[in-house]
Amino acid sequence: MGYREAVRWVYWVISTQLGFDIRRLVRSLRGVPAYCRDYRAFSRQYSGPMEWQPCLYDRYDEGGATRNEYFLQDLFVARWIHEENPVRHVDVGSRVDGFVAHVASFREIEVLDVRNITAKIPGVTFRQVDFTMTNPVAMETDGYCDSVSCLHAIEHFGLGRYGDSIDPQGYRRGIANLSGLLNKGGVLYLSTPVGRQRVIFNANWIFDPLTLIEVGREYGLRADSFHVIDGQEIVKVDLADREKFHFLASLDYRLGLFKFRKSPS
């Protein structure tokens, strides 16, 4: 691990796992002078009851988190589903406050997740399922639906991060079960980190993209298309371009978006 990677790793642990965001602290301190100035100006014009709740960071933040891969993948795949207009769409493990909310704004969606969701959300039906199990409770029979999404989730299967069962083959079981949910000809939308294949325990896998194409084929899923999120761009990759796939497998990290279709036979 190089110096920059080590700094990023330390920052990630401190901010996301210990709850202390150094960057937010610096921006908040930057906002103190402006807060004091604005408070004095407001107080000169207002004499009613008033309480204090400084929001120092917001002045220097953007109006929403649009510069991350979650935002791009959620919007991109939700538009795909809108265009396809499936009879029944099921999601497994994607962000409820991102992708699921996008889809629920225009159609009904069933959500399966190892973690519980207690909120009642319009347009969303929830069932708690551990998809690393061989026979999860949601799979009474094959061919449950004609459309499934699993965004930024398969890379966590089997690592225990979200209370799921420990299993080094968890992602394979997950893909098998995702395929089992689909009717013949049904579509699976799958996103996951791609690059040098390895486990970052207990955060996530990073996969060689060809690994997932091959595992999908084992369970009757044919890759229809593959895109990569690179910065603010979503780039389509020719499925026949093995040189490009080998290049992606040499990188540290990208987010891959796969569209699979279940074999009709």
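Up top is the structure these notes are about.
First, a word on scope: everything that follows refers to the structure included in this document. (Residues numbered from 1 in each chain as written. Predicted model: local features only at pLDDT ≥ 70, side-chain atom pairs only at ≥ 80, totals over all residues. Heavy atoms only, no water.)

**Description of the environment of valine 111**
Then comes step 1: With respect to the element layout, valine 111 can be found in strand β2 (residues 109-113).
Then comes step 2: Sequence-wise, valine 111 and phenylalanine 131 are 20 residues apart; in three dimensions their C-alpha atoms are separated by 12 Å.
Then comes step 3: Sequence-distant contacts of valine 111, that is, excluding residues within four places in its chain, are made with Asp91, Val100, Ile117, Val124, Thr125, Phe126 and Arg127. (Helix = DSSP H or I, 4+ residues; strand = E, 2+ residues; numbered from the N terminus. Contact = heavy atoms within 4.5 Å.)

**Some details on the side chain of aspartate 91**
Then comes step 1: Positionally, aspartate 91 belongs in strand β1 (residues 89-92).
Then comes step 2: The buried charged residue aspartate 91 lacks any salt bridge partner; its closest oppositely charged side chain belongs to arginine 115, at an N-O distance of 9.3 Å.
Then comes step 3: Look past the residues within four positions of aspartate 91 in its chain and what remains in contact with it is Phe99, Val100, Ile109, Glu110, Val111, Leu112, Ser149 and Cys150. (Buried < 20%, exposed > 50% of the residue type's maximum accessible area, 1.4 Å probe, protein only. Lys, Arg positive; Asp, Glu negative; His and termini not counted. Salt bridge = Lys/Arg side-chain N within 4 Å of Asp/Glu carboxyl O.)

**A word on a nonpolar patch on the surface**
Then comes step 1: Residues Phe20, Ile22, Leu25, Val26, Leu29 and Val32 make up a contiguous nonpolar surface patch of about 510 Å² in total accessible area.
Then comes step 2: For the nonpolar patch, the element with the highest residue contribution is helix α2 (residues 22-30), accounting for 4 residues.
Then comes step 3: You can see valine 32 is positioned in helix α3 (residues 32-45). (Patch = residues over 30% accessible without salt bridge, like charges linked within 9 Å, V, L, I, M, F, W, Y side chains within 5 Å. Areas by Shrake-Rupley, 256 points an atom, 1.4 Å probe, with all protein chains shown as cover.)

**Brief notes about the sheet that holds strand β3 (residues 124-128)**
Then comes step 1: With mixed pairing, the 8 strands of this open sheet are ordered in space as β3-β2-β1-β4-β5-β10-β8-β9. On the outer flanks of this sheet lie β3 and β9 (233-237), each paired with one strand and no other. Within this sheet the neighbouring strands show an average axis-to-axis angle of 20 degrees, counted without direction.
Then comes step 2: Summarising the sheet, β1 and β2 pair through 3 bridges and their orientation is parallel. Its bridge partner being in β2, valine 92 is matched across the sheet by leucine 112.
Then comes step 3: Sitting on the sheet, helix α4 (residues 69-84) touches β1, β4 (145-151), β5 (182-194), β8 (221-230), β9 and β10 (254-262), and the angle it makes with β10 is about 20 degrees.
Then comes step 4: Packed on one face of the sheet, helix α7 (residues 209-218) meets β5, β8 and β10 and runs near 15 degrees to β10. (Pairing = 2+ DSSP bridges. Axes fitted to C-alpha atoms, helices over the stretch in contact; angles between N-to-C directions.)

**Structural notes on the nonpolar core**
Then comes step 1: Within the largest apolar cluster, 36 residues are counted, with the highest numbers of intra-cluster contacts made by Val92, Ile154, Leu178 and Leu190.
Then comes step 2: Those elements giving two or more residues to this core turn out to be β1, β4, α6 (170-181), β5, α7, β8, α8 (242-248) and β10.
Then comes step 3: The contacts of leucine 190, once residues within four sequence positions are left out, are Cys150, Leu151, Ile154, Leu178, Leu212, Gly256, Leu257, Phe258 and Phe260.
Then comes step 4: With 18 residues, the next largest nonpolar core counts Leu72, Ala104, Tyr189 and Leu257 among its residues. (Core = buried A, V, L, I, M, F, W, Y, C linked by side-chain atoms within 4.5 Å.)

**What to know about the packing of α6 against α7**
The geometry of a pair of packed helices is captured by two quantities: the angle between their axes and the separation between those axes.
Then comes step 1: The N-to-C vectors of α6 and α7 enclose an angle of 50 degrees; their axes lie 9 Å apart at closest approach. Taken together, α6 and α7 sit at an angle that is classed as oblique. Considering the relative orientation of α6 and α7, their crossing is right-handed. Facing Tyr171, Arg172 and Ile175 of α6, the residues of α7 in contact are Thr211, Leu212, Val215, Gly216 and Glu218. (Parallel < 35°, antiparallel > 145°, perpendicular 65-115°, else oblique. Left-handed = near helix turned anticlockwise from the far one by under 90°.)

**Brief notes about the packing of aromatic side chains**
Then comes step 1: Throughout the structure, instances matching the rule amount to 11 aromatic pairs.
Then comes step 2: Considering the side-chain rings of phenylalanine 76 and tryptophan 80, the 4.8 Å spacing of their centres and the 50 degrees angle between planes classify their relative orientation as tilted. Here the residue phenylalanine 76 and the residue tryptophan 80 both occupy positions in helix α4, the gap between them amounting to 4 residues, near one helical turn.
Then comes step 3: Judged by its relative accessible area of 13%, tryptophan 80 is buried.
Then comes step 4: A network of ring pairs unites the aromatic residues Phe226, Phe245, Phe258 and Phe260 as a single cluster. (Phe/Tyr/Trp six-rings, centres within 6.5 Å; stacked < 30°, edge-to-face > 60°.)

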